[in-house]
Amino acid sequence: MTTFLTDPIDPPELTNPTDPTASADPTDPLAVGTHTVEVDGVVQRYHVHGTGPVCVAHSGGPGIFWEYLRMPALERHLTVVYPEPIGTGASDRLPSHPHGYTRPRYSRFLGALIEHLGVPEVHLLGHSHGGFVVQYHALHFPERVAGVILYESAPVTGPEHGAEAMRLVQSFAELHFDHPELPEVLAAFQAIPTISDDAQMTAVARGIIPSYFADYWGREEEFAPLRASVTATHISGLDENLAPNVIDDRADLGSLTVPTLVVVGRHDVICGVRWAEELHGLIPGSELLILENSGHFGHIEEPAAFAQAVTRFVTTTAHGAQ
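Described in the following lines is the structure provided in the data block. (Residues numbered from 1 in each chain as written. Predicted model: local features only at pLDDT ≥ 70, side-chain atom pairs only at ≥ 80, totals over all residues. Heavy atoms only, no water.)

## Things to note about the overall build of the protein
- When its secondary structure is counted, the protein shows 10 helices and 9 strands.
- For 322 residues, the compact-globule estimate of 2.2 N^0.38 gives 20 Å, and the C-alpha radius of gyration of the protein, at 18 Å, lies within 12% of that figure.
- Across its three principal directions, the C-alpha atoms of the protein cover 55 × 50 × 40 Å.
- Counting every position in the protein, which comprises 322 residues, the buried fraction comes to 55%.
- For the protein, the proportion of contacts with a sequence separation of at least 24, taken over those separated by at least 6, is 73%.
- Carbon and sulfur atoms make up 55% of the accessible area of the protein, which amounts to about 13,500 Å² in all.
- Taking the 16 positively charged and 40 negatively charged side chains of the protein as two groups, their mean positions are separated by 2 Å. (Helix = DSSP H or I, 4+ residues; strand = E, 2+ residues; numbered from the N terminus. Rg over C-alpha atoms; globule rule 2.2 N^0.38 Å. Buried < 20%, exposed > 50% of the residue type's maximum accessible area, 1.4 Å probe, protein only. Contact = heavy atoms within 4.5 Å. Areas by Shrake-Rupley, 256 points an atom, 1.4 Å probe, with all protein chains shown as cover. Lys, Arg positive; Asp, Glu negative; His and termini not counted. Charge placed at Lys NZ, Arg CZ, Asp CG, Glu CD.)

This is how it looks when you write it as structure tokens:
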């Protein structure tokens, strides 16, 4: 099933809602607030907000700090658990840092978090690179996964994915050829291969942000604070042996057994509609949601429509739902 959403209905405030469980027992792993879980001596921090069925939201990058993924509109209906992926933010670094952050490693920490939460099942939401992690985990460890939301994900990385992204970036450049900030955005893309530390990673992440929105410059006053707040850690994309960590799930996605919602913004340049449609075609029984007025950040650009779709999916695919 494919869904097209355009104008949000009854848009919520973009400020964070008050969590009704804010006074809950802090020893409860699902109490609102900040917690940690440890695997093999490596500590991963996570944050809990909202109330309702549990949805673990894995942020992207890899290396982008989790805060950009905060989804207040979704927290009105779901308990959203936001891990700070290892190597990022206040979570521990691997001894091999900035290398070794492979999907099996992220999946191991995701599985430990699910176990630590102590609930029979969770939904997993993965944004961008987080989508790659979530689809890997659902393929290999589906037992306690009630459903997955692949939000701006793709079935592949590597040269094919890169070529499609550059095609879309070129289209963005042609559309905004006369904007004075366009050279800065394009320079940030060109700097990606040269990143070697956290400061460079943060600068590049902030530099490319305008291309990640459907209409950044038209709504700059609204989105500029996010751009200024984005912080990132340099993650190399290489495994412990310094080999590229290239992904291709196309041969495996047909065996994905958990309910799946694929979400994409019409104007996303990095994990665009082509990849969402391919995921939808490969995953049996999946649903596809295209947010017509969004780029890479539909939860910010169209928060009400995004939250409505994800909440419906979670509540209808939870164990025991009619």
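## A short note on helix α2 (residues 103-117)
- For α2, spanning 15 residues, the distance from its first C-alpha to its last is 21 Å, which sits close to the expected 21 Å at 1.5 Å a residue.
- When we look at burial in α2, the residues that qualify are Arg103, Tyr106, Ser107, Phe109, Leu110, Ala112, Leu113, Ile114 and Leu117.
- Contacts from the buried residues of α2 go to β2 (33-39), β3 (42-50), β4 (54-58), β5 (79-83), β6 (122-127) and α3 (129-140). (Expected span 1.5 Å × (residues − 1).)

## Quick look at unusual backbone geometry
- Look at the link from Gly61 to Pro62: it is a cis peptide, with omega at 0°.
- Looking at the secondary structure, you find Pro62 in the loop between β4 and α1 (72-75).
- Omega for the peptide link from His97 to Pro98 comes to 10°, which places this bond in the cis form.
- Note on placement: Pro98 falls in the loop between β5 and α2.
- Phi is positive for Glu152, close to 60°, though the residue is something other than glycine.

## Re the environment of Leu78
- Topologically, Leu78 is positioned in the loop between α1 and β5.
- Remark: the alpha-carbon pair of Leu78 and Pro53, spanning 25 residues in sequence, is separated by 5.1 Å.
- Once residues within four sequence positions are removed from consideration, Leu78 is found in contact with His49, Gly50, Thr51, Gly52, Pro53, Cys55, Val310, Thr311 and Val314.

## Considering helix α10 (residues 303-317)
- Compared with an ideal rise of 1.5 Å per residue, which puts 15 residues at 21 Å, α10 spans 21 Å between its outermost C-alpha atoms and is within 8% of the ideal.
- Counting buried residues in α10 gives 11 out of 15 residues, a clear majority hidden from the surface.
- Of the residues making up α10, those classed as buried are Pro303, Ala304, Ala305, Phe306, Ala307, Ala309, Val310, Thr311, Phe313, Val314 and Thr317.

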